[in-house]
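Take a look at the letters that make up each chain.
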Amino acid sequence: MSTTTSAAPPRPPKETRAARRIRLTDRTRKERNLGWMLAGPAFIAMVAVTGYPILNAIWLSLFDFRLTDPSGREFVFLGNYLTILTDGLFWQQFGITSLITIVTVSVELVLGFALAMVMHRALYLRTALRTAILIPYGIITVVSSYAWAYAFSNTYGFVNGVFGLGEYDWFGGTWSALFTVCVAEIWKTTPFMSLLLLAGLAQIPDDYLEAAKVDGATAWQRVKRVILPNMKAAIMVALLFRTLDAFRIFDSIFIMTAGAQNTETLSFLAYRQTISRVMVGLGSAVSVILAVLVVLIAVMFVKVFKTDLSQQRGDKK
Amino acid sequence: MFRKTCVAGSALALLASGLSGCGGGDGGSTTLTYYIADAAQEDVATRCSSESGGAYSFNIQRLPNTAAGGREQLLRRLAAEDRSMDIVSVDPPFMAEFANAEFLRPFNDSERAEFSKGVLEGPLKQSTFRDTLYSAPLYGNTQLLWYRKSVLAKAGVDPSAGPVTWDQLIKGATQAGVTLAAQGRRNESLMVWVNALISSSGGSILQSGSENLPANEVKGGINSPAGANAARIMHDLAVSPAVPAGFSTAGEEDSRSSFQAGNGGFMVNWPYVWAAFDSAIEEGTLPANFKDDVGWAAYPRVDAGTESAAPSGGLGLSVSAFSRKQDLAVQAVRCLVSAQSQKEFMIKAGNPAALSAIFDDPEIREKFPMADEIRTGLDAATPRPVSPYYGDVTGSIQTAFHPPDALSPETTPREANQLLEDVLSNKRLI
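Residues numbered from 1 in each chain as written. Chains lettered and ligands numbered in written order. Predicted model: local features only at pLDDT ≥ 70, side-chain atom pairs only at ≥ 80, totals over all residues.

Moving on, we come to the overall build of chain B. When you go through chain B residue by residue, the secondary structure sums to 18 helices and 11 strands. Taken over C-alpha atoms, the radius of gyration comes to 23 Å for chain B, in line with the 22 Å a tight globule of 430 residues would show. Its C-alpha atoms put chain B at 75 × 55 × 55 Å along the principal axes. Across the 430 residues in chain B, those meeting the buried criterion constitute 53%. (Helix = DSSP H or I, 4+ residues; strand = E, 2+ residues; numbered from the N terminus. Rg over C-alpha atoms; globule rule 2.2 N^0.38 Å. Buried ≥ 20, exposed ≤ 12 C-beta atoms within 10 Å, placed from the backbone.)

Moving on to the overall build of chain A. Across its full length, chain A carries 15 helices and 2 strands. Split into buried and exposed, the 317 residues of chain A put 31% on the buried side.

Attention shifts here to the pairing of strand 11 (residues 312-319) of chain B. Residues and elements named next belong to chain B. Burial analysis of strand 11 places 8 of its 8 residues in the buried class, which makes it a mostly covered element. In strand 11, alternate side chains face the same way, and those of Ser-312, Gly-314, Gly-316 and Ser-318 on one face and Gly-313, Leu-315, Leu-317 and Val-319 on the other are all buried. As judged from the 4 bridges shared by strand 3 (residues 87-90) and strand 11, these two strands associate in the antiparallel manner. Its bridge partner being in strand 11, Val-90 is matched across the sheet by Gly-316. (Pairing = 2+ DSSP bridges.)

What follows concerns the packing of helix 7 (residues 141-152) of chain A against helix 9 (residues 174-202) of chain A. Residue and element names in this part refer to chain A. At a minimum axis separation of 10 Å, helix 7 and helix 9 run at an interaxial angle of 135°. When the axis of helix 7 is compared with that of helix 9, the two are oblique. Relative to helix 9, helix 7 is oriented so that their crossing is right-handed. Contacts between helix 7 and helix 9 involve Thr-141, Ser-144, Ser-145, Trp-148 and Phe-152 from the former and Thr-180, Val-183, Ala-184, Trp-187 and Lys-188 from the latter. (Axes fitted to C-alpha atoms, helices over the stretch in contact; angles between N-to-C directions. Parallel < 35°, antiparallel > 145°, perpendicular 65-115°, else oblique. Left-handed = near helix turned anticlockwise from the far one by under 90°. Contact = placed C-beta atoms within 7 Å.)

All names here are of chain A. Across chain A, the average pLDDT comes to 86, with 90% of residues at 70 or higher. This stretch, residues 1-10, has a pLDDT under 50; its non-local contacts, to residues over four places away or in other chains, come to 7 contacts. Predicted confidence is poor over residues 313-317, with pLDDT under 50, and the contacts of this stretch with residues over four places away or in other chains come to 7 contacts. (pLDDT = per-residue confidence, 0-100.)

Annotation from UniProt places "domain: ABC transmembrane type-1" (unreviewed entry) at residues 94-301 of chain A. Secondary structure across residues 94-301 of chain A divides into 79% helix and 0% strand, with the first and last C-alpha atoms of the span separated by 19 Å. (UniProt positions renumbered as here; feature names shortened; annotations may be inferred.)

Turning next to the nonpolar core. Within the largest apolar cluster, 180 residues are counted, with the highest numbers of intra-cluster contacts made by Ile-87 and Val-333 of chain B. Examining the composition of this core, we find that 11 residues originate from one element, helix 11 (residues 219-247) of chain A, more than from any other. Sequence-distant contacts of Ile-87 of chain B, defined by excluding residues within four places in its chain, comprise Leu-32, Tyr-34, Tyr-35, Leu-317, Val-319, Ala-329, Ala-332 and Val-333 of chain B. (Core = buried A, V, L, I, M, F, W, Y, C linked by C-beta atoms within 7 Å.)

Before going further, it helps to spend a moment on the UniProt feature "transmembrane region" (unreviewed entry) in chain A. All names here are of chain A. Per the UniProt annotation, the sites labelled "transmembrane region" (unreviewed entry) are residues 42-63, 100-119, 131-150, 170-187 and 278-302. Across residues 131-150, the secondary structure splits into 90% helix and 0% strand, with the terminal C-alpha atoms separated by 25 Å. In the segment residues 278-302, helix accounts for 92% and strand for 0%; the C-alpha atoms at its two ends are 36 Å apart.

Helix packing for two helices is described by the angle between their axes and how far apart those axes are. Residue and element names in this part refer to chain B. For the pair helix 2 (residues 40-51) and helix 14 (residues 339-349), interaxial distance at closest approach is 9 Å and the crossing angle is 150°. Handedness of the crossing formed by helix 2 with helix 14: right-handed. Here Ala-40, Gln-41, Asp-43, Val-44 and Cys-48 of helix 2 come into contact with helix 14, specifically with Ser-341, Glu-344, Phe-345, Lys-348 and Ala-349. Within the contact of helix 2 with helix 14, the residues separate by chemical class into 5 nonpolar, 2 polar and 3 charged. (Nonpolar A, V, L, I, M, F, W, Y, C, P; charged D, E, K, R; others polar.)

Before going further, it helps to examine helix 9 (residues 188-200) of chain B. A rise of 1.5 Å per residue sets the reference length of helix 9 of chain B, with its 13 residues, at 18 Å; its end C-alpha atoms lie 18 Å apart and thus fit the reference within 8%. For helix 9 of chain B, a buried count of 13 out of 13 residues is recorded, marking the element as mostly surrounded by other parts of the structure. (Expected span 1.5 Å × (residues − 1).)

Contact with chain B, which involves 26 residues of that partner, is made by 26 residues of chain A. Elements with a contribution of two residues or more to the side of chain B that touches chain A: helix 3 (67-79), helix 4 (92-100), helix 11 (252-260) and helix 17 (390-400) of chain B. Looking at the side of chain B that touches chain A residue by residue, the class counts come to 9 nonpolar, 10 polar and 7 charged.

Adjacent strands of a sheet pair through backbone hydrogen bonds, lying either parallel or antiparallel. Residue and element names in this part refer to chain B. Across the sheet, 4 strands lie side by side as 8-9-7-10; this open sheet has mixed pairing. Looking at the sheet topology across the chains shown, the edges are occupied by strand 8 (179-181) and strand 10 (294-297). Adjacent strand axes in the sheet meet at a mean angle of 20° when their direction is disregarded. One ladder, built from 4 bridges, connects strand 7 (residues 144-148) with strand 10; its direction is antiparallel. Within strand 10, the position partnered with Arg-148 by the bridge is Val-294.

Before going further, it helps to examine the environment of Ser-284 of chain A. Residue and element names in this part refer to chain A. Locating Ser-284 in the fold gives a position in helix 14 (residues 280-304). Since 24 C-beta atoms lie within 10 Å of it, Ser-284 is described here as buried. As for Ser-284 and Leu-62, which are separated by 222 residues in sequence, their C-alpha atoms are 8.6 Å apart. For Ser-284, the residues in contact, after removing those within four places along its chain, are Ala-57, Leu-60 and Ser-61.

Attention now moves to unusual backbone geometry. Residue and element names in this part refer to chain B. In this structure, the amide linkage connecting His-402 to the following residue, Pro-403, adopts the cis form with an omega of -5°. With a phi close to 60°, Glu-102 is a non-glycine residue in the positive phi region. As for its placement among the helices and strands, Glu-102 is situated in the loop between helix 4 and helix 5 (109-116). You can call Glu-102 partly exposed: it has 13 C-beta atoms within 10 Å. Look at Asp-131: it is not a glycine, yet its phi comes out positive at around 60°.

Before going further, it helps to spend a moment on the confidence of the model for chain B. Residue and element names in this part refer to chain B. When pLDDT is averaged across chain B, the result is 89; 93% of the residues are at 70 or more. Within chain B, the element-level pLDDT minimum falls on helix 1 (residues 2-23), averaging 43, and the maximum on strand 8, averaging 96. Note on the complex model: pTM 0.84, ipTM 0.83.

The subject of this paragraph is the sheet that holds strand 6 (residues 136-142) of chain B. Residue and element names in this part refer to chain B. Reading across the sheet, the 5 strands line up as 2-1-3-11-6 and stay open at both edges, with mixed pairing between neighbours. The open sheet has two edge strands with one neighbour each: strand 2 (57-62) and strand 6. Pairwise comparison of adjacent strand axes, ignoring direction, gives a mean angle of 15° for this sheet. The strands touched by helix 13 (residues 326-336) within the sheet are strand 1 (31-36), strand 3, strand 6 and strand 11, with strand 11 carrying the most contacts at an inclination of about 145°.

This part is about the pairing of strand 6 of chain B. Residue and element names in this part refer to chain B. The buried fraction of strand 6 is high, at 7 of 7 residues. Summarising the sheet, strand 6 and strand 11 pair through 6 bridges and their orientation is antiparallel. By the bridge assignment for strand 11, Pro-137 is matched with Gly-316.

What follows deals with the environment of Asp-215 of chain A. Examined against the element boundaries, Asp-215 of chain A turns out to sit in the loop between helix 10 (206-214) and helix 11. Sequence separation of Asp-215 of chain A and Thr-97 of chain A is 118 residues, and the distance between their C-alpha atoms is 46 Å.

For the rest of this paragraph, the subject is helix 17 of chain B. Of all 11 residues in helix 17 of chain B, 11 are buried, a share of seventy percent or more. Close packing links the buried residues of helix 17 of chain B with helix 13 (266-276) of chain A together with helix 4, helix 9 and helix 18 (412-424) of chain B.

Another aspect to go through is the environment of Asn-59 of chain B. Residues and elements named next belong to chain B. In this structure, Asn-59 sits in strand 2. Given 17 C-beta atoms within a 10 Å radius, Asn-59 is considered partly exposed. Considering only alpha carbons, one finds Asn-59 and Thr-33, 26 residues apart in sequence, at a separation of 4.6 Å.

If you want it as structure tokens, here you go:
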């Protein structure tokens, strides 16, 4: 990103708008108009489909508004936010969401790195291996959640049979239910993490590793001193993407526990208020808070951990 | 060349099927879009449409399997004033919510007389909101107590000899080393159980008269001896040796599989299980003589001296207020809920008819030997609270009464009542 800004042409000397307009050739002007004509519709469509719902959600979040009782709509200003932020349930679900995020992203990072190394180093059956590793990511989350829910089921699941756990009810307790949700999430999204890490791994020149080898570095030293430092940007980007995703977890929980046993997350809270209770105002407020938290996570990664997003686009070596 | 043509051909075919799919949405002025909740409704609809002599035909749309899923889909579409919906299948507890929001077309006096004639008390009560009929009852439903005859002697309880209580059943099942299956899963079935327990000891989840109050003035009736009884029984079962494995996540089908297992003893469940046993026998997962060992009785009591208030369920057909073919839809509903249709539906889906006379039909009596118990149950069944804010009511109860093993008769009723009132006044989240 920094390279793009520094590469920008030096600022031209100050001049009036009129003077600038005169200096534009017909061709430039036509090209500029054509640009607007080509990109304009897409721009308007983008604003309409993203900007409008966001602004509408913010506006709705200021009302006490039940969809089945439109006449009872009442402006409560920040009342909904106050209700949410003073409710223990919100903080409990914030905790559960954070826990799931931290656990799954950490495990995915380690596993994803190992898989990336395997994919990078494999000499034989490279394509088959990469495809095999990526299969879970190609499965729809709802489908994989059902698969894991059946796997852990105490009546027809195979997990209890394999580990000799009898009729143990995985979904009957908070921790065991969260464990199953985390397993399903990790299984599903580790390939995505490994794909991003593989891109970073591929950018490390072999010379570095050979030089380290010649200098007598052990395998562990090569990973720690050469590979990891050179992959930092890729790792941070992978972590950022996965953290943002994991924080919004919904599908697995909806399918596997339906939020029972205190396994509800913030997305689930928004769903319950908006869709189940049709309390559009309250639900919008939860969604706005969730969106703000996601933005904060992104800002934290970019500003505090100095994640360089241009790395992913290959702008910078 | 061949490949190119082939690809282009397939693309065209896809496009054409997509277009015809889109065109099917409205499908002419005599096509009624009918949202069904049970696959067997489609067979009845097919017959009705052929009998109508071309007056109407149906575009069948299937609602999600779960009660909550069906409610959400209907609610979303109706709130958006979806004009493509004509006839909708409404689970009775959700009817008041839709009716209050003016999503459903009220039946007029003559239609009301027609659709109420011969209908059992339970199904009729739950189709009416503020003295107006909004749903034509298609079927009524109530739970029975099912038992394995072979375990009775060891358990020391005999439901066939007279009414039994939950306490007797828990004790008896424990003594016999068998299970007592109920629905502890946190969904609508938990609400069904809580409502039945509270009503069976003379209480009610909402205080009477709350039907017409604004949400923040509705008062709960859970903080009462009836609420305490419900919490105690649920807790006692959940921690007793008679509880089936995975109780806090068990729905109706899980209960049935516990009952069918080697240590199955007792179960509360809807009558569809009788037809489901047949299917299991046909599939070979149950021995052919399994049903010989199965008995049934009225829903268990809470107090030995007070008659039980069995759960009430079912399905009603309503006409959407946004439909552009409302008169035609009413005409179709006439056929869809006719005595013949209800009988057909009962045989196919195993769900009890709402019309009393059907239970006297010889074919029904042969297929459903417990027909009399179902009819009595339907008449005595207590509907879930009729409230325009039912979504909040059931959500609060499901949160407060789950997991069953953590309930306490001292604290649960108070907390549940508080949660319910706070949620209704928009002070707390669920």
